[in-house]
Structure formats: C-alpha cells, structure tokens
Amino acid sequence: MPLPIVRTIADLRVQVGAWKAAGLHVGLVPTMGALHEGHLSLVRLAATRAERVVASLFVNPTQFAPHEDFAAYPRDEARDAALLAEAGCSLLFAPTVAEMYPPGASTTVSVAGVSEPLDGAARPGHFAGVATVVTKLLLQAGPHVAAFGEKDYQQLQVIKRFVRDLDIPVEIIGGPTARLEDGLARSSRNAYLSESEREIAGRMNGVLADAVRRLKAGEAQAHVEATGLAALERAGFTRIDYFEVRGADDLARPGGGPLRVFAAAFVGKTRLIDNMAVE
Ligand code: AMP
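Note that this is a predicted model, so its numbers are computed, not measured.

Draft legend 1. Looking closely at the sheet that holds strand β6 (residues 171-175). A sheet is described by the order of its strands in space; here six strands give the open sequence β1-β4-β3-β2-β5-β6, paired in parallel fashion. Two strands lie at the open edges of the sheet, namely β1 (5-6) and β6, each paired on one side alone.

Encoded structure:
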C-alpha cells in the first residue's frame, strides 16, 4: 500500500490526533530525505516504542548557509516514500517551505553551550536552524517519542537539551550510526562522492577508531588529536574542520566523564562528519 502523505500541519494533526484518541503511541523520525539505511533504522527503532511512526521529509533552508548545498541536496520523494512504507512507517509529513515558514516567521530557538563547539563553530547558524525546525516538527506532530541518529551526535545532544529546557513533552531516543562495509557512515551526502573520493571518505572511520584505541591506551588527548588531524590529511581529506576529543554528554573539553571523538572534513567539495564513543 502506498504511504499516505500529508503536506499541511492541519492534516498532520488530524491524523496524529485520531491515533492518539485511539490510544496509540506515536513516534516521529525527522529527515531531509534521500533516505538510506540510517534513516530506516530510526523508523524501526521508533516502531519499537510506538504503534504508529510518522516520518517527516523537509530540506530545511534555515540550517544551510548561503554557500552550502541546499539547492543541490538530493531529492526523490517517491523513492523515499516507498522505502519508508517498507520499513513500517505509517505516514509521511512533507510540508512546503511556505507551510513551515510563512511570511513574517521571526522566532528562532537557539541553544547555548552544547551547540557552540564543533559544527556550531564550523557552521555558524546551523544549530539554530536545526533547533528551530525540530521544535516546530515536535509541536506540529506531538509525538510520544522522536528518534535521531548518533551519526549527528552533537545535533542529538542539542535536541535533548532544548527539549528539556522548553519542557516539550516528548522522549528523545538516539540510534546507532549505520555504516557501509568499510565503515563509512551512511549519509545522503555520500551521493556527491566520485569513486576516488569515496575511497578517501572510507578512511575517516579508521582514523576515529585509531584515536579511540590511543585514548584507551592512555595517550594524551592533545596528542591523539594532532595524530588524527595528520592522519586525515595523509588520507586525502582536503580541508579539516576539526578532529577533537570531547565529553560525551556536554561536548565540553573532557573532564572525568565518558569521552567521544568527533571529526569533520571535506573530500573535494563534500563535507563529511563522523564520531565515535571511547568505550
Ligand atoms: P538527515 O536526513 O541527514 O537530516 O538525517 C535525519 C536523521 O537521520 C537524523 O536524526 C540523522 O542523525 C539520522 N541519520 C543520518 N545518517 C545516519 C546514519 N548513518 N546512521 C544513523 N542515523 C543517521
């Protein structure tokens, strides 16, 4: 059966309201489309906690800087809808930009602290765009639970923080990063890679794994970071935004808690990110 698609907030609320009135739990999986196994694993994860799963498909202009890939971002709604139906999704919410941002929209959700380092520093304004659109999606759909990937680990922590700070009544759950055979994190942006770039991209995972090994062996964090940066350069990454060890919960410079290693680098024109827990 083709996946039902709604394009307005009003229609979304009618459907979710009917499910809730019938006593069903509702899960939400926000996406920008160009779906892959990572997105589908989140649909299946949400389905373990909710009888009905809504996926949203919205390439959010406010989280892209003017020089970034908003216009080029891959879009194929029919393919995405078929994959979602197969994964057990019940409804696709695919609003227009005008539905999400009517003229005069002037409110932004910005999160201090956790959204400042790493991608917050490399992509100014990005997390305000993400936090604003995810706040809207959560208020529009009103799900019991919403699932996000650890692939975008900082994003997951930003979302957990504003959900708590704004008392949004939803449980945020994180799913593990889906990877390809050589360890490359699945990403819609992998579609941009040429064959030779794809080979370079696959090396980021090994550099992160090596950093985790070194940290566990007791090597100093600053040394691990310098070694990782040099290894990414040698692997063929053209511009490296960061390779950093941080606290897993607050993304601060590590104190005593659990650690995580974060990398962001370009292969040619394509920017890739990945991260790994030190455990
Ligand atoms: P995107 O469409 O890239 O905005 O991602 C939508 C959701 O899918 C976000 O919660 C991402 O963290 C998650 N996601 C993207 N890639 C992966 C992956 N390889 N594994 C798990 N989750 C992912």
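Draft legend 2. Structural context of the packing of aromatic side chains. Evaluation of the coordinates by the stated rule reveals four aromatic pairs. On the numbers, 6.2 Å between centres and 45° between planes, the contact of Phe 58 with Tyr 101 is tilted. Linking Phe 58 in the loop between β3 (52-57) and α3 (77-87) with Tyr 101 in the loop between α4 (97-100) and α5 (119-122), this pair joins segments that are 43 residues apart in sequence. With respect to class, Phe 58 is no different from Tyr 101; both count as buried. The interplanar angle of 55° and the centroid separation of 5.8 Å between the aromatic rings of Tyr 153 and Phe 262 together place this pair among those described as tilted. One end of the pair, Tyr 153, is in helix α7 (residues 153-165); the other, Phe 262, is in strand β8 (residues 259-267), and 109 residues separate them in sequence. Judged on exposure class, the residue Tyr 153 and its partner Phe 262 are both buried. Chaining the aromatic ring pairs together yields one cluster made of Phe 64, Phe 70 and Tyr 73. Lying over the aromatic face of Phe 70, Arg 75 brings its terminal NZ or CZ to 5.0 Å of the ring centre.

Draft legend 3. Representation of the side chain of Thr 132. The topology assignment puts Thr 132 in helix α6 (residues 126-141). Within polar-contact distance, the side chain of Thr 132 engages the backbone oxygen of Ala 128 at 2.7 Å. Ignoring anything within four residues of it in the chain, the contact list for Thr 132 reads Thr 107, Thr 108 and Val 109.

Draft legend 4. The pattern of salt bridges, seen in detail. Counting across every chain of the model gives 20 salt bridges. A salt bridge links Arg 198 to Asp 182, with the shortest nitrogen-to-oxygen separation between them at 2.8 Å. Placement of Arg 198 in helix α8 (residues 195-201) and of Asp 182 in the loop between β6 and α8 is noted, with a sequence separation of 16 residues between them. The exposure class of Arg 198 is partly exposed, given its relative accessible area of 24%. Linking Glu 244 and Arg 246 is a salt bridge whose minimum nitrogen-to-oxygen distance equals 2.8 Å. Here the two residues Glu 244 and Arg 246 agree in accessibility, since each one is buried.

Draft legend 5. The arrangement of the sheet that holds strand β7 (residues 239-247) in detail. Strand order in the open sheet formed by three strands is β7-β8-β9, and the pairing between neighbours is antiparallel. For this open sheet the edge positions go to β7 and β9 (270-278), each flanked by a neighbour on one side alone. Adjacent strand axes in the sheet meet at a mean angle of 10° when their direction is disregarded. In terms of strand pairing, β8 meets β9 through nine bridges, oriented antiparallel. Residue pairing for β9: Arg 260 is matched across the bridge by Ala 277.

Definitions and limits used
Residues numbered from 1 in each chain as written. Predicted model: local features only at pLDDT ≥ 70, side-chain atom pairs only at ≥ 80, totals over all residues. Heavy atoms only, no water. Pairing = 2+ DSSP bridges. Helix = DSSP H or I, 4+ residues; strand = E, 2+ residues; numbered from the N terminus. Phe/Tyr/Trp six-rings, centres within 6.5 Å; stacked < 30°, edge-to-face > 60°. Buried < 20%, exposed > 50% of the residue type's maximum accessible area, 1.4 Å probe, protein only. Lys NZ or Arg CZ within 6 Å of the ring centre and 35° of its normal. Polar contact = N/O pair within 3.5 Å; in protein donor to acceptor, adjacent residues only side chain to side chain. Contact = heavy atoms within 4.5 Å. Salt bridge = Lys/Arg side-chain N within 4 Å of Asp/Glu carboxyl O. Axes fitted to C-alpha atoms, helices over the stretch in contact; angles between N-to-C directions.

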